[in-house]
Amino acid sequence: MKVVLILAVLINSDHLLKTGECTLTHDQVLSIIPKTQVQVDLLKNISTEYETVLWQPVSPQYIIEESAVHLFVPANSSETINDLLQKHGVTHEVLLTNTKELIEMQTRNDSSDPRSSSSYYERYHSLEDIYYWINRTTQDHPDMVKVILIGSSYEKRPLYALKLSVEERPNKKAIWIDCGIHAREWVSPAFCLWFVQYSLSYYKQNRDITDILDNMDVYVLPVMNPDGYKYTWTTNRMWRKNRSHSRNSMCVGVDLNRNFDANWCTEGASDKPCAETYCGQFPESEPESEAVAKFLRSHKDSVKLYLSIHSYSQMLLFPYSCTFDEAENHNDLLAMVQEAAQKIKRYYRNTYKYGSGARTIYLAPGGSDDWAYNQGIKYSFTFELQDRGRYGFLLPPSLISRACNEALIAVKTIALRVIEKTQALL
């Protein structure tokens, strides 16, 4: 497998306007193919010693030959990084020249009212807009939607989950979907909004979603990391973690997807507060992960399908990510994601990799999907949505619809199979 290293290089376009100097100013995305271990070591050094943000893999330890690496480089580091690449003979090509424009395009929004435009769900929305959307959706569909406050974030923002239910009855099973565990993955909350709207619009019209809602309630948490998500809109678009403060470090934030009690803080996570994969002081040390864990523990008899939505890389993953061991029902899980990937390929001609997390990507202990699986939710999945690195976390709004439709196919395919499995046990 060829390795592509993507450097998203921000060059401050305001410099020319302020100084009048005739300086070439633009954003760049570079594609780099490391050929030797020396080049790998160089990239590890760049990602740790310079002001950069590692996109993929998330930790420098996984930068190896024949592995895709994506790195975001801000303007004040771009000249140094380019000099280092040239000095070491690392060839590259320019893929994108509009990083700043992409960020501006993502934050451009004409309305916060979901009823004001048919393209509302093909845009990204601020945290305030999402809270407004939650209230509006509940008001507009009181017969199908209920809001549940499951907890609050480190900065005391509410964690709202929506319960979609068309018929209250004893022992009804349920699906859990969470989005936005990593702040910079904006297409993830976009999908949660998309899924809720699709469910409300096409119940009794689309057979698949009707079958799903007739048989299972659906809990949807649109933004699991509201503090981090807010921060990506106001301060740093590339922020990943939550915004909690450590007593022993000036560095901020914990990776919420390393904070669950599933081989917590072993290989693949970091105990260093400045690391992107910092696991926290102990399992569920963060109010966000604690709230989700508490809710799922209290509903584990009814929740039969767990889905966590991420981006990017186009993958359908299942346990385990915290170990190379196979899950007890590995073959069932594999068959489900394989069918989902085949349907995405058939309808959208787009390819998704699939498999257990550790074997498909790398070890990632403390993940929510592994934890849910160990709680007895034996159909547990993580979806990585579009794309494969062309835009990365800066997926343009024009691609939201396609990304969400692909994920929707996967959700419906797997949910219907889970319904079959659970009904067979009755």
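Residues numbered from 1 in each chain as written. Predicted model: local features only at pLDDT ≥ 70, side-chain atom pairs only at ≥ 80, totals over all residues. Heavy atoms only, no water.

Peer 1: When you look at unusual backbone geometry in this model, what are you seeing that I'm missing?
Peer 2: With glycine set apart, most residues show a phi of negative sign, and most peptide bonds adopt trans. Residue Pro57 follows Gln56 across a cis peptide bond; omega there is -5 degrees. In this fold, Pro57 is placed in the loop between β3 (53–56) and β4 (69–73). In this chain, Gln386 is followed by Asp387 through a cis amide linkage whose omega measures 0 degrees. By secondary structure assignment, the location of Asp387 is in the loop between β13 (379–385) and α13 (400–424). Even without being a glycine, Lys204 presents a positive backbone phi close to 75 degrees. With respect to the helices and strands, the residue Lys204 is situated in the loop between α6 (187–202) and α7 (207–215). Notably, Glu284 is not glycine yet its phi reads approximately 60 degrees, a positive angle. By the element assignment, Glu284 lies in the loop between α8 (226–234) and α9 (287–298). Among the residues examined, Glu284 registers a relative accessible area of 14% and is labelled buried. (Helix = DSSP H or I, 4+ residues; strand = E, 2+ residues; numbered from the N terminus. Buried < 20%, exposed > 50% of the residue type's maximum accessible area, 1.4 Å probe, protein only.)

Peer 1: What should I look at first to understand the packing of aromatic side chains in this one?
Peer 2: Think of a pair of aromatic rings as described by two things: how far the centres are apart, and how the planes are tilted against each other in angle. Scanning the model with the defined rule gives 18 aromatic pairs in all. Ring geometry for Trp55 versus Phe72: centroids 5.8 Å apart, planes at 15 degrees, classification stacked. Taken together, the residues span a long stretch of sequence, with Trp55 in strand β3 and Phe72 in strand β4 at a distance of 17 residues. One exposure class covers both Trp55 and Phe72, and it is buried. The residue whose ring lies beneath Arg243 is Tyr231, and the NZ or CZ to ring-centre distance is 3.6 Å. The cationic tip of Arg243 hangs over the ring face of Trp239; the distance from NZ or CZ to the ring centre is 4.6 Å. (Phe/Tyr/Trp six-rings, centres within 6.5 Å; stacked < 30°, edge-to-face > 60°. Lys NZ or Arg CZ within 6 Å of the ring centre and 35° of its normal.)

Peer 1: Whenever I open this one, the side chain of Ser311 confuses me. Can you help?
Peer 2: Relative to the helices and strands, Ser311 resides in strand β10 (residues 303–311). Among all residues touching Ser311, those that are not within four sequence positions of it are Glu185, Val187, Glu384, Leu385, Gln386 and Phe393. (Contact = heavy atoms within 4.5 Å.)

Peer 1: Teacher, can you tell me more about the pattern of salt bridges here?
Peer 2: Side chains that carry opposite charge are capable of pairing whenever their charged atoms lie near each other. This model, assessed by the stated rule, comprises 17 salt bridges. As a salt-bridge pair, Glu168 and Lys163 come within 3.5 Å of each other at their nearest N and O atoms. We classify Lys163 as buried; its relative accessible area is 12%. Several salt bridges converge on common partners, so that one network encompasses Lys163, Glu168, Lys172 and Asp217. (Salt bridge = Lys/Arg side-chain N within 4 Å of Asp/Glu carboxyl O.)

Peer 1: Can you help me understand helix α4 (residues 99–107) in this one?
Peer 2: One full turn of an α-helix is made of 3.6 residues, so residues set three or four places apart face in the same direction. Buried within α4 we find Thr99, Leu102, Ile103 and Gln106. Taken end-on, α4 shows its buried residues confined to a sector of 100 degrees, consistent with a single buried face. (Arc of directions from axis to C-beta.)

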